[in-house]
Amino acid sequence: MKSSSGRRWAIKNILAGTGAIAAAGTLSAFQSADEQPYKLKGNINHSACRWCFRDIPLEQFCAEAKAMGLKGIDLVGPEDWPTLKKYGLYSSMCNGAEISIPRGWNDKQYHELLIEKYTAMIPKVAAAGYKNLICFSGNRDGKDDETGWANCVEGLKNILPLAEKHGVIICMELLNSKLTHKDYQCDHTSWGVELVKRLGSENFKLLYDIFHMQMDEGDIIGTIQANHQYIAHYHVAGVPGRHEPDETQELYYPAIMKAILATGFKGHVAQEYLPKNQDKKIASLKEAIKICDV
């Protein structure tokens, strides 16, 4: 018959052994989970803007993007479309027809060149199997809202029949004029929505940049809910700093993504942020995609 102290010693060892086994099992489970690549839920068509990762060779970037489950790459022109196609990636927001951000459709002196460039680019976008083509309002340069709207309508009406014929959507980007693009005219959702209404075409919509609109107006979810029918595409970045959309900044992206999904949106959501750690850009992008994958 064992003494009470002996029984206590035996029980203690049994419990310790059981705890070690349990801990080992838990650790093993966590390790297994970490070793498995994150699998996207499939509710959102994720994309990333090329210029934010331009120091990474395009072939490498496309391979990494495809491996992490991205569907497309934003702001890529015709010269790079073959590389995207090689990796099964979509050109989710095409560029190459614009002059520059400050020189856009709100100024008549640029209409002739813009009409020429967009007339040439729209059929190329369609022939490649793509849909969205970016454009800009341009800077105010003293123009009031009414003049800006009237000039944009006058110019864009020259290319919209061609866009309608080819099924291409001309997307004007909403940008902040507070800090990043001072004097830009299409700097509030209401300005862009009014232009969409005046043009009256399903082939002209807005590129809603969440970072820029948080800077100039806020109320991101409410604005998306009220105006989603005028939006063809979304860009993602944190505020302040335009860095990763993580817990260090003021926007809670899981809620924003859920709000976008609730509108029935089927387009692409593209990461357009400046990675804080230049040596870990791909790891950063993976985390940003996970945060926005709802």
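In this report, the structure presented in the accompanying data block is examined. (Residues numbered from 1 in each chain as written. Predicted model: local features only at pLDDT ≥ 70, side-chain atom pairs only at ≥ 80, totals over all residues. Heavy atoms only, no water.)

### Observations concerning the pairing of strand S8 (residues 268-271)
Working step 1: Burial along S8 is two-sided: the face carrying His268 and Ala270 and the face carrying Val269 and Gln271 are both buried.
Working step 2: Alignment of strand S1 (residues 45-49) against S8, held across 4 bridges, turns out to be parallel. Counterpart to Ser47 in the pairing with S8 is Ala270.
Working step 3: Relative to S8, strand S7 (residues 231-236) is paired through 3 bridges, and the arrangement is parallel. Bridge pairing links Tyr234 to Val269 in S8.
Working step 4: Handedness of the crossover is the feature at issue here: the chain leaves S7, passes through helix H10 (residues 253-262), returns alongside S8, and the resulting connection is right-handed. (Buried < 20%, exposed > 50% of the residue type's maximum accessible area, 1.4 Å probe, protein only. Helix = DSSP H or I, 4+ residues; strand = E, 2+ residues; numbered from the N terminus. Pairing = 2+ DSSP bridges. Right-handed = clockwise from strand over helix to strand, strands pointing away.)

### Points about unusual backbone geometry
Working step 1: In this model, Val239 is joined to Pro240 through a cis peptide bond whose omega is 5°.
Working step 2: The topology assignment puts Pro240 in the loop between S7 and H10.
Working step 3: A positive phi angle is found at Leu75, which is not glycine, with a value near 60°.
Working step 4: Along the chain, the position of Leu75 falls in strand S2 (residues 72-76).
Working step 5: We classify Leu75 as buried; its relative accessible area is 16%.

### Thoughts on the packing of helix H5 (residues 145-156) against helix H7 (residues 189-199)
Working step 1: In the contact formed by H5 and H7, the axes pass within 10 Å of each other and the chain directions differ by 45°. What the angle tells us is that H5 and H7 run oblique. Considering only the axes of H5 and H7, their crossing is right-handed. Contacts from Asp145, Glu146, Gly148, Trp149, Ala150, Cys152, Val153 and Leu156 in H5 reach Trp191, Glu194, Leu195, Arg198 and Leu199 in H7.
Working step 2: A breakdown of the residues in the contact of H5 with H7 according to their chemical character gives 8 nonpolar, 1 polar and 4 charged. (Axes fitted to C-alpha atoms, helices over the stretch in contact; angles between N-to-C directions. Parallel < 35°, antiparallel > 145°, perpendicular 65-115°, else oblique. Left-handed = near helix turned anticlockwise from the far one by under 90°. Contact = heavy atoms within 4.5 Å. Nonpolar A, V, L, I, M, F, W, Y, C, P; charged D, E, K, R; others polar.)

### So, the pairing of strand S6 (residues 204-209)
Working step 1: Judged by how many residues are buried, S6 sits mostly within the fold: 6 of 6 residues are covered.
Working step 2: Note that strand S5 (residues 169-173) and S6 share 4 bridges and pair parallel. If you follow Glu173 over to S6, its bridge partner there is Leu207.
Working step 3: Note that S6 and S7 share 4 bridges and pair parallel. Residue pairing for S7: Tyr208 is matched across the bridge by Tyr234.

### What about the packing of aromatic side chains?
Working step 1: One pass over the full model with this rule turns up 8 aromatic pairs.
Working step 2: Feature note: the residues Phe53, Phe61 and Tyr273 constitute an aromatic cluster, connected by ring pairs. (Phe/Tyr/Trp six-rings, centres within 6.5 Å; stacked < 30°, edge-to-face > 60°.)

### Topic: the side chain of Asn139
Working step 1: Structurally, the position occupied by Asn139 is in the loop between strand S4 (132-135) and H5.
Working step 2: Overall, Asn139 belongs to the buried group, its relative accessible area being 14%.
Working step 3: Non-local contacts of Asn139, meaning those with residues more than four positions away in its chain, are made with Ile101, Pro102, Asn106, Lys182, Asp183, Tyr184 and Gln185.

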